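# Descriptive structure summary
Each chain, letter by letter, is given below.
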Amino acid sequence: MYNAGMESLTDAKLHELQLRANDIRQTIIEMLAEAGSGHTAGPLGMADIFAALYFHVLKHDPKRPDWEERDRLFLSNGHIVPVRYAAMAHAGYFPLEECLTLRKFGSRLQGHPERESLPGLETTSGPLGSGISQAAGYAYAARMDPVKPLRGHGASGGTRQEIRVYCATSDGEHDEGNTWEGAMFASAKKLGNLTQIIDRNFIQIDGNTEDVMPLEPFADKYRAFGWHVIDIDGNDIRQFVAACEEAKTIADKPTLIHALTVPGKGIKSIEGDYLWHGKPPSKDEAVAFLAELRESRKAMLK
Amino acid sequence: MINKEMHLREDLFSAKGGSASGGEGPTMAATRNGFGKGVVEAGRADARVVVLSADLAESTRADAFQKEFPERFIEVGVAEQNMATVGAGMATYGKIPFITSYATFSPGRNWEQIRTTIAINNVPVKICGMHAGLQTGPDGATHQALEDIALMRAMPNMIVISPCDAEEGRRATLAAAKNGLPTYLRFARDKTPVMTTPETPFEIGRAQVFWKSKNPKVAVFATGPLVHNALLAARELEGQGTGTIVVNVHTVKPLDRDTVVSVAREAGSVVTVEEHQITGGLGGAVAELLARECPTPIEFVGVQDRFGQSGEPKELIEAYGLGVSNIIAATSKVLGRNQI
């Protein structure tokens, strides 16, 4: 079980999380190359955040994916699910080798995540724009129920900690109306138990977001919608953890962690290139990418 | 004659102005009113029941639940995609959400959200589509859902129920609250004859034989309020010497395979009746089944691949060929066809 209290981030823990992010990136490259299809840029860009979520921020237990007290993580932009599968495998939800079954017939690791296929996913996603409203519905339902006494503590015993609901979204899916409907709902219902993490990487399939359908001033739109907005560098784990802690202190508004990320992060030759949004590395490219990541890992250990 | 085992209302055939009924006609109520009653009862029976509204609480009859359980009523505004996905999230948590709007908007506008977040997720959200069918009347084509059964029937994991009257609407709502599955419930706006009683057996997936003549030659499978027209046609046909079996198929999916096949086999020819496009609705479902299990000549009484329009419900039913005379004509036609 990881981190019921989210202790403050020590330098040693930060270093561990950075190494985890590197491990996750290597697994992403291996699984995509083996699958021969899938998305590369988004998963690599979000590896730091997912390492922080699964190894520090989330209250969860890989051996009990349906543990009632767990924090919930909804993934709205289902196409970046390789980063989630890789993080889950490294955290111990399932064997690392299973990652190589991604997108193959009979695999629990469907091309886009399916709730009924793999324990530990909160929902099914892929079609964009529906995650925030599902997460908001979940947060609303959780808040309806009175905080129950913990089992075994007797009637006057301890109380259940409020379930926190996290939802990872993309910038491109903010072209979808459903996203903004969900954003309005979460704000109207004052869902302080909901934290959205947006992967603001400025790319989508047809090009850069500001060319396809401009989203700026993005964070200000959310402020106008009544959200508590925290701007961070999404590849800086320390900033991300601090933002998650800050979100817990906001009781009457949902929080948006507006995370500026570098798509393709960790592989210099593809960083920031929208053409890597929706394609996997070839076998040869994977060899080069993995070599680059191993070098980075070595440098981190020096 | 009426199947006594179904405990149907005795006034269901009373004619307006007729002496037998004291001039009252059959008892009339809208199926959506049955929903309003049923969902309140479901809410009393189970604290997990919640109702979501997309700015139509009065006209969907969700307001009855809102009055009794304000803390379990969630207004989402005019946003059917949001309603489906918020509902999905609540169901994932463990609630039993009834999401309410007009059928053209839900499941019309939010079909993909229903598919991904309710059906693939396999969570027990109840999609309640009101104002289905032509009898929505003056609102016109945009508000008359005639494709919703097809939309929902094609979706794996989805149960599809189309109650024939207000009482059955109440029972279907109660049953859906307990079935633990994604479920579509289809309701109509206008007042229509009440045929069933609280004693009428109701079970999701079990079609009911409402009428059976001696020596039946035609099986009439009907769904929704038009079941009443099917019964009126059966009575008239019996007077003319043509025996029928009238089956109320409230659950279009899963279709009651055993009843449909055995009744079709017994009668030898089939007429289907529905307030829906003839493509993909009850007629389609019956034809798909019988083509495999018991090939039978079929005529389809339904909307013939066109949109509705403004008008009074009665006018529209006649203009679109869904009246008693149309059912009788379809019966003659199917009997006139060469048996294979």
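Residues numbered from 1 in each chain as written. Chains lettered and ligands numbered in written order. Predicted model: local features only at pLDDT ≥ 70, side-chain atom pairs only at ≥ 80, totals over all residues.

## Examining the overall build of chain A
- Assigned secondary structure in chain A consists of 10 helices and 7 strands.
- Scaling as 2.2 N^0.38, a compact globule of 302 residues should have a C-alpha radius of gyration of about 19 Å, and chain A matches this with 19 Å.
- Over its C-alpha atoms, taken along the principal directions, chain A stretches across nearly 60 × 45 × 40 Å.
- Counting across all 302 residues of chain A, residues that qualify as buried make up 51%.
- Put simply, of all contacts in chain A between residues at least 6 apart along the chain, 77% involve residues at least 24 apart. (Helix = DSSP H or I, 4+ residues; strand = E, 2+ residues; numbered from the N terminus. Rg over C-alpha atoms; globule rule 2.2 N^0.38 Å. Buried ≥ 20, exposed ≤ 12 C-beta atoms within 10 Å, placed from the backbone. Contact = placed C-beta atoms within 7 Å.)

## Description of the confidence of the model for chain A
- The share of residues in chain A with pLDDT of 70 or more is 93%, and the mean pLDDT across the chain is 93.
- Scored below 50 in pLDDT, residues 149-158 of chain A shows 9 contacts in the model against residues more than four places distant or in partner chains. (pLDDT = per-residue confidence, 0-100.)

## Focus: the packing of helix α1 (residues 11-35) of chain A against helix α3 (residues 47-57) of chain A
Residues and elements named next belong to chain A.
- Interhelical geometry of α1 versus α3 gives an angle of 120 degrees and a closest axis separation of 8 Å. One way to sum up the angle between α1 and α3 is to call them oblique. Crossing of α1 over α3 shows right-handed handedness. Of the residues in α3, those in contact with K13, L17, R20, A21, I24, R25 and I28 of α1 are A47, D48, F50, A51, A52, F55 and H56.
- In terms of residue class, the contact of α1 with α3 is made up of 9 nonpolar, 1 polar and 4 charged. (Axes fitted to C-alpha atoms, helices over the stretch in contact; angles between N-to-C directions. Parallel < 35°, antiparallel > 145°, perpendicular 65-115°, else oblique. Left-handed = near helix turned anticlockwise from the far one by under 90°. Nonpolar A, V, L, I, M, F, W, Y, C, P; charged D, E, K, R; others polar.)

## Observations concerning the sheet that holds strand β5 (residues 126-130) of chain B
Residues and elements named next belong to chain B.
- Strands sit in the order β3-β2-β4-β5-β7-β6-β12 across an open sheet of 7 strands; the sheet is mixed. A single partner strand is all that each edge strand has here, and the edge strands are β3 (73-75) and β12 (251-253). Taking the axes of each pair of neighbouring strands and ignoring which way they run, one obtains an average angle of 20 degrees across the sheet.
- In this sheet, β3 lies alongside strand β2 (residues 49-53) in parallel orientation, the contact comprising 3 bridges. (Pairing = 2+ DSSP bridges.)

## Some details on the nonpolar core
- In this structure, V220 and A230 of chain B are the most contacted members of the largest nonpolar core, which totals 192 residues.
- Considering each element in turn, this core owes the most residues, 9 residues, to α3 of chain A.
- Counting contributing residues per domain, this core is built from domain 1 (4-11 + 201-336) and domain 2 (28-193) of chain B, each supplying no fewer than three.
- Contacts of V220 of chain B, omitting those with residues within four sequence positions, involve A230, A234, T244, I245, V246, V247, V271, V273 and I327 of chain B. (Core = buried A, V, L, I, M, F, W, Y, C linked by C-beta atoms within 7 Å. Domains from an automatic or database assignment.)

## Some thoughts on the pairing of strand β11 (residues 244-248) of chain B
Residue and element names in this part refer to chain B.
- A large share of β11 lies buried, amounting to 5 of its 5 residues.
- Side-chain alternation along β11 places T244, V246 and N248 on one buried face and I245 and V247 on a second face that is also buried.
- Alignment of strand β9 (residues 208-212) against β11, held across 4 bridges, turns out to be antiparallel. Bridge assignment links Q208 to a residue of β11, and that residue is N248.
- Of the pairings in the sheet, the one linking strand β10 (residues 218-222) to β11 comprises 5 bridges and is parallel in character. Bridged to A219 within β11 is I245.

## Comments concerning the interface of chain A and chain B
- The partner chain B presents 21 residues to the 23 residues of chain A that form the contact.
- Secondary-structure elements contributing two or more residues to the side of chain A that touches chain B are α5 (131-144) and α6 (177-188) of chain A.
- Considering every element that reaches the side of chain A that touches chain B, the biggest residue donor is α5 of chain A, with 9 residues.
- Of the residues in the side of chain A that touches chain B, the class split is 8 nonpolar, 10 polar and 5 charged.

## Some details on the domain arrangement of chain B
Residue and element names in this part refer to chain B.
- For chain B, the assigned domains read domain 1 (4-11 + 201-336) and domain 2 (28-193).
- For domain 1 and domain 2, the distance between their C-alpha centres works out to 24 Å.
- Taken together, the 31 residues of domain 1 in the interface contact 32 residues of domain 2.
- Contributions of two or more residues to the side of domain 1 that touches domain 2 are made by α8 (227-239), β12, β13 (270-277), α10 (282-293) and α11 (313-319).
- In terms of residue class, the side of domain 1 that touches domain 2 is built from 13 nonpolar, 15 polar and 3 charged.

## Considering the environment of V261 of chain B
All names here are of chain B.
- Within the secondary structure, V261 sits in helix α9 (residues 257-267).
- Look at V261 and you get partly exposed, because 18 C-beta atoms sit within 10 Å.
- Considered as a pair, V261 and F105 are 156 residues apart in the sequence and their alpha carbons are 34 Å apart.
- Not counting residues up to four positions away in its chain, the partners in contact with V261 are L289, E293 and C294.

## What to know about the pairing of β2 of chain B
All names here are of chain B.
- Across the 5 residues of β2, 5 count as buried, placing the element largely inside the fold.
- Here β2 shows two buried faces, one formed by V49, V51 and S53 and the other by V50 and L52.
- Taken together, the 5 bridges between β2 and strand β4 (residues 96-102) define a ladder with parallel strand orientation. When the sheet's bridge partners are listed, V51 is paired in β4 with F98.

## Notes on the sheet that holds β9 of chain B
All names here are of chain B.
- The strand order across the open sheet formed by 5 strands is β9-β11-β10-β13-β14, and the pairing between neighbours is mixed. Lying at the two open borders of the sheet, with one neighbouring strand each, are β9 and β14 (298-303). In this sheet, adjacent strand axes meet at a mean angle of 20 degrees when their direction is disregarded.
- Two strands pair when backbone bridges link them, and β13 and β14 are joined in this way by 5 bridges, in the parallel orientation. Looking at β14, one finds that V271 is bridged to E299.

## Regarding the confidence of the model for chain B
- This prediction gives chain B a mean pLDDT of 96; 97% of its residues lie at or above 70.
- Overall fold confidence (pTM) sits at 0.94, and the ipTM for the predicted complex is 0.91.

## Focus: unusual backbone geometry
All names here are of chain B.
- For the bond running from S106 to P107, omega is 25 degrees, close enough to zero to count as cis.
- Turning to its location among the elements, P107 is positioned in the loop between β4 and α5 (111-120).
- P254 follows K253 through a cis peptide bond whose omega is 0 degrees.
- Within the fold, P254 resides in the loop between β12 and α9.
- The backbone of N122 shows a phi angle near 60 degrees, a positive value even though the residue is not glycine.
- By the element assignment, N122 lies in the loop between α5 and β5.
- For N215, which is not glycine, the phi torsion reads 55 degrees and is therefore positive.
- Residue position: N215 is located in the loop between β9 and β10.

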